[in-house]
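Observations on the three-dimensional arrangement
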Amino acid sequence: PSAGFGLLIEMFDLLPAGKFKLNVCGKVSDYGLALVNDNPNIIVHGFVDAASLRRLCENANILINPRPSYIKLNQMVFPSKLLDYLKYLKPVVTTWTPGLAPDYREVVFADDTSSAEGLAKQVQNAARLRRGQLEELRKKMVNFVETKTWENQALRMRNFLREIK
């Protein structure tokens, strides 16, 4: 399985039993399915269509992006999945990778360790948000997503390139 999936399952095993459910979408190998070990609180959906994915995200309480920073490919990717997750206005837990802009820390629960323990701690932090804290986070997310559109990012890049000419 991908290191992210293994990390996700390790993290889930560290959470209080029965308090959380984990919905997993995407390709999962036979080895990955064996890691799930018939845990009734882990539901593997496999590949789903866009409408099903949207429903799952809308019904989630927390969205998790387990992208270990020790995997070289993960170090400089554009965080499109994070931007997609933020649009749902739900707490987002993610591993921190070097390619993320520092302002993401204002809107996500970031784990700097790429460890199951670190992710589990951030999931529990996100789950403890009170209503007022969640509303404040949602306001930040709305503003963040509006400024991080592909169009705005392209304009920023164009302006930057003009400045260095």
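To be clear, the structure that these remarks concern was listed above.
Reference entry: report on the structure contained in this document. (Residues numbered from 1 in each chain as written. Predicted model: local features only at pLDDT ≥ 70, side-chain atom pairs only at ≥ 80, totals over all residues. Heavy atoms only, no water.)

With respect to the overall build of the protein
Broken down by element type, the protein carries 7 helices and 5 strands. Shown N-terminal to C-terminal, the secondary structure of the protein runs as helices and strands in the order α-β-α-β-α-β-α-β-β-α-α-α. Its C-alpha radius of gyration of 17 Å places the protein within 12% of the 15 Å reference for a compact globule of 165 residues. Considering only C-alpha atoms, the protein reaches an extent of 55 × 40 × 30 Å along its principal axes. Per-residue burial for the protein yields a buried fraction of 41% across its 165 residues. For the protein, the proportion of contacts with a sequence separation of at least 24, taken over those separated by at least 6, is 59%. Once the 23 positive and 17 negative side-chain charges of the protein are each reduced to a mean point, those two points are 4 Å apart. (Helix = DSSP H or I, 4+ residues; strand = E, 2+ residues; numbered from the N terminus. Rg over C-alpha atoms; globule rule 2.2 N^0.38 Å. Buried < 20%, exposed > 50% of the residue type's maximum accessible area, 1.4 Å probe, protein only. Contact = heavy atoms within 4.5 Å. Lys, Arg positive; Asp, Glu negative; His and termini not counted. Charge placed at Lys NZ, Arg CZ, Asp CG, Glu CD.)

Comments concerning the packing of aromatic side chains
As enumerated under the stated definition, the model contains 1 aromatic pair in all. Their ring planes at 70° and their centres at 4.7 Å tell us that Tyr 104 and Phe 144 sit as a pair that is edge-to-face. Linking Tyr 104 in the loop between strand S4 (92–95) and strand S5 (109–111) with Phe 144 in helix H6 (residues 131–147), this pair joins segments that are 40 residues apart in sequence. Pair check on accessibility: Tyr 104 and Phe 144 agree, each one buried. Over the ring of Trp 96 we find Arg 105, and its NZ or CZ is 3.9 Å from the ring centre. (Phe/Tyr/Trp six-rings, centres within 6.5 Å; stacked < 30°, edge-to-face > 60°. Lys NZ or Arg CZ within 6 Å of the ring centre and 35° of its normal.)

Here we look at the environment of Glu 117
For Glu 117, the location among the structural elements is in helix H5 (residues 116–127). For the pair formed by Glu 117 and Ile 42, sequence separation is 75 residues and the distance between their alpha carbons is 18 Å.

Some thoughts on the environment of Leu 82
Looking at where Leu 82 falls in the secondary structure, it is placed in helix H4 (residues 80–86). With relative accessibility at 2%, the residue Leu 82 sits in the buried group. In sequence terms Leu 82 and Asn 23 are 59 residues apart; their C-alpha atoms lie 17 Å from each other. Excluding its chain neighbours within four sequence positions, the residues that come into contact with Leu 82 are Asn 65, Val 92, Thr 94, Leu 100 and Tyr 104.

Points about the nonpolar core
Of all hydrophobic cores here, the largest spans 40 residues; its most connected members are Met 11, Leu 86, Val 92, Val 93, Tyr 104 and Val 123. Contributions of two or more residues to this core are made by helix H1 (3–14), strand S1 (22–25), strand S3 (63–65), H4, S4, S5, H5 and H6. The element contributing the most residues to this core is H1, with 6 residues. (Core = buried A, V, L, I, M, F, W, Y, C linked by side-chain atoms within 4.5 Å.)

Brief notes about the sheet that holds S5
With parallel pairing, the 3 strands of this open sheet are ordered in space as S3-S4-S5. Two strands close off the open sheet at either side, each with one partner strand: S3 and S5. Along the sheet, successive strands turn relative to each other by an average axial angle of 15°, direction set aside. Running at roughly 165° to S5, H5 makes contact with S3, S4 and S5 of the sheet. (Pairing = 2+ DSSP bridges. Axes fitted to C-alpha atoms, helices over the stretch in contact; angles between N-to-C directions.)

A look at the pattern of salt bridges
In total, this model carries 4 salt bridges according to the counting rule given. Note that Asp 84 and Lys 87 form a salt bridge whose closest N and O atoms lie 3.8 Å from each other. Classification of Asp 84 as partly exposed rests on a relative accessible area of 39%. Residue classification places Lys 87 among the exposed positions, given a relative accessible area of 54%. The partner of Arg 105 in a salt bridge is Asp 112, and the shortest N-O contact between them spans 2.7 Å. By relative accessible area, Arg 105 is classed as partly exposed at 38%. (Salt bridge = Lys/Arg side-chain N within 4 Å of Asp/Glu carboxyl O.)

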